[in-house]
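Chain residues, written in single-letter form:
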Amino acid sequence: MEVVVAKTAGFCFGVKRAVDTVYEQIETGKAVHTYGPIVHNGEVVKDLEEKGVKVIENRQELEQMDRESIQPNNGTVIIRAHGVSEEVYQLLEEKKLECIDATCPFVKKIHRIVQRHSKEGCHIVIIGNGAHPEVEGIRGWAQAPVTVVETQEQAQNFVAKEGEKLCIVAQTTFNYKKFQDLVEIFEKKGYDIIVANTICNATKERQEEALELAAKADVMIVIGGTHSSNTRKLYELCKSRCESTYYIQTLADLKLDLPNSVELVGITAGASTPNKIIEEVQNYVRINF
Ligand code: SF4
């Protein structure tokens with residue numbers, strides 16, 4: 001029996017970079033804070049907590065903290081891959097806090113586009129989910145006006161001021177087809193627009209590889225947090241190609257029953273699943289079946 005782990009399983013480049021930064025800082029013995037949980041995975045957050053990493057949940061919390069409470073021994077605040085608004089950087093500076101910026105370079109690029117076009121007077125339109133921290137951060141780089149659009153209805157209802165130029169960007173994980181459909185609505189309105197397709201390929205590549213693997217596999221195992229929407233999506237895609245698809249958070253959830261006829265087991269994982277868990281599952285299947 002063959003066991004194949006998808007090459008794109010687990011952390012994307014930006015999340016891996018941010019998580020590695022936190023572990024590197026822990027090694028220095030300094031107090032480490034992250035602005036928001038570094039990744040939406042219970043196992044990782046628990047491990048970091050045990051190592052003394054504290055999470056600053058939001059701007060209000062940061063406002064109430066002073067240098068001494070954050071940096072008792074030259075500690076540092078790490079900004080996660082999703083990025084933050086310009087205001088948060090200013091606040092960190094005002095408080096003279098040492099900060100390590102682990103914002104994914106792809107997100108940073110959106111901040112620069114928004115800042116530049118906003119300064120030039122464009123109305124910024126962010127295609128994405130307004131409640132997502134990445135979008136909140138992007139929004140915070142616009143000088144005004146800025147609008148977040150997620151649905152066709154919102155795009156239809158949008159009205160620009162006379163002579164206003166629009167600059168449209170996307171949340172990095174937004175679905176490309178939906179983005180195109182929404183941009184088309186703005187185009188049909190006859191507005192003067194600049195479109196920057198800022199969707200990151202990491203999600204798309206992970207989904208395409210999972211579909212390909214599931215089509216060949218007799219059994220698929222998808223690993224990720226129950227609240228992780230990208231893992232759920234992976235599970236649905238795999239299930240559509242491979243009836244025997246399992247959705248697990250960790251090895252402890254795996255109740256595998258493999259008949260002798262099984263020739264290929266495929267494994268993939270959501271963007272916030274650490275390598276350690278993927279390896280544990282992989283080794284278990286290799287050793288026990
Ligand atoms: Fe990962 Fe892409 Fe988001 Fe960067 S932009 S954190 S690589 S999904």
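Before reading further, recall that the structure is shown in the block above.
Residues numbered from 1 in each chain as written. Predicted model: local features only at pLDDT ≥ 70, side-chain atom pairs only at ≥ 80, totals over all residues. Heavy atoms only, no water.

(A) Representation of the site of the ligand within the structure. Close to the ligand lie Cys12, Gly14, Cys104, Phe106, Thr172 and Cys200. Grouping the amino acids of the shell around the ligand by side-chain chemistry returns 4 nonpolar, 2 polar and no charged. (Near = heavy atom within 4 Å. Nonpolar A, V, L, I, M, F, W, Y, C, P; charged D, E, K, R; others polar.)

(B) Expanded view of unusual backbone geometry. Omega for the peptide link from Ala144 to Pro145 comes to -5°, which places this bond in the cis form. If you trace the backbone, Pro145 turns up in the loop between helix H7 (133–139) and strand S7 (146–149). A positive phi is found at Lys96, a non-glycine position, where the angle reads about 55°. Note on placement: Lys96 falls in the loop between helix H5 (86–94) and strand S5 (99–101). Assessed through its relative accessible area of 60%, Lys96 is described here as exposed. If you trace the backbone, Ala144 turns up in the loop between H7 and S7. (Helix = DSSP H or I, 4+ residues; strand = E, 2+ residues; numbered from the N terminus. Buried < 20%, exposed > 50% of the residue type's maximum accessible area, 1.4 Å probe, protein only.)

(C) Here's a closer look at the nonpolar core. Within the largest apolar cluster, 29 residues are counted, with the highest numbers of intra-cluster contacts made by Ile221, Ile223, Val281 and Val285. If you list the elements that add at least two residues to this core, you get helix H10 (201–216), strand S10 (219–223), helix H11 (229–241), strand S12 (264–269) and helix H12 (275–288). For this core, the element with the highest residue contribution is S10, accounting for 5 residues. If near-sequence neighbours (up to four positions away) are discounted, Val285 is found in contact with Met1, Val3, Ile221, Leu254, Leu256 and Val265. (Core = buried A, V, L, I, M, F, W, Y, C linked by side-chain atoms within 4.5 Å. Contact = heavy atoms within 4.5 Å.)

(D) A look at the sheet that holds strand S1 (residues 2–5). Spatial ordering of the open sheet is given by S1-S12-S10-S11, a layout of 4 strands whose pairing is parallel. Pairing within the sheet leaves two strands with one partner each, and these edge strands are S1 and strand S11 (245–248). Recorded for the sheet is a direction-independent mean angle of 20° between the axes of neighbouring strands. The pairing of S10 with S11 spans 4 bridges and is parallel. The residue bridging Met220 from the neighbouring strand is Thr245, located in S11. Where H10 meets the sheet, it contacts S1, S10 and S12, and its direction lies at approximately 165° from that of S12. Running over the sheet, H11 touches S10, S11 and S12 and is turned about 170° from S11. (Pairing = 2+ DSSP bridges. Axes fitted to C-alpha atoms, helices over the stretch in contact; angles between N-to-C directions.)

(E) Fine view of the packing of H10 against H11. Orientation of H10 relative to H11, taken along the N-to-C sense of each, is 30°, at an axis distance of 8 Å. Taken together, the axes of H10 and H11 are roughly parallel relative to one another. Considering the relative orientation of H10 and H11, their crossing is right-handed. Residues Arg206, Gln207, Ala210, Leu211, Ala214 and Ala215 of H10 form the contact with H11, whose participating residues are Asn230, Lys233, Leu234, Leu237, Cys238, Ser240 and Arg241. Per-class residue counts for the contact of H10 with H11 are 7 nonpolar, 3 polar and 3 charged. (Parallel < 35°, antiparallel > 145°, perpendicular 65-115°, else oblique. Left-handed = near helix turned anticlockwise from the far one by under 90°.)

(F) Quick peek at the packing of helix H1 (residues 13–27) against helix H2 (residues 42–50). Viewed as axis vectors pointing N to C, H1 and H2 meet at an angle of 15°, and their least axial separation amounts to 11 Å. Comparing their axes, H2 and H1 come out roughly parallel. Considering how the two elements wind past one another, H1 and H2 form a crossing that is left-handed. On H2, the residues touching Val22, Tyr23 and Ile26 of H1 are Val44, Asp47 and Leu48.

(G) Geometry of the sheet that holds strand S2 (residues 32–35). Spatial ordering of the open sheet is given by S3-S2-S4-S5, a layout of 4 strands whose pairing is parallel. What marks the edges here is a single partner per strand, and that holds for strand S3 (54–56) and S5. For this sheet, the mean angle separating the axes of adjacent strands, direction not counted, is 30°. Here strand S4 (residues 76–79) runs beside S5; their pairing, made up of 3 bridges, is parallel. Its bridge partner lying in S5, Val77 is registered against Cys99. Contacts between H5 and the sheet are confined to S2, S4 and S5, with S4 contributing the most and set at about 170° to the helix.

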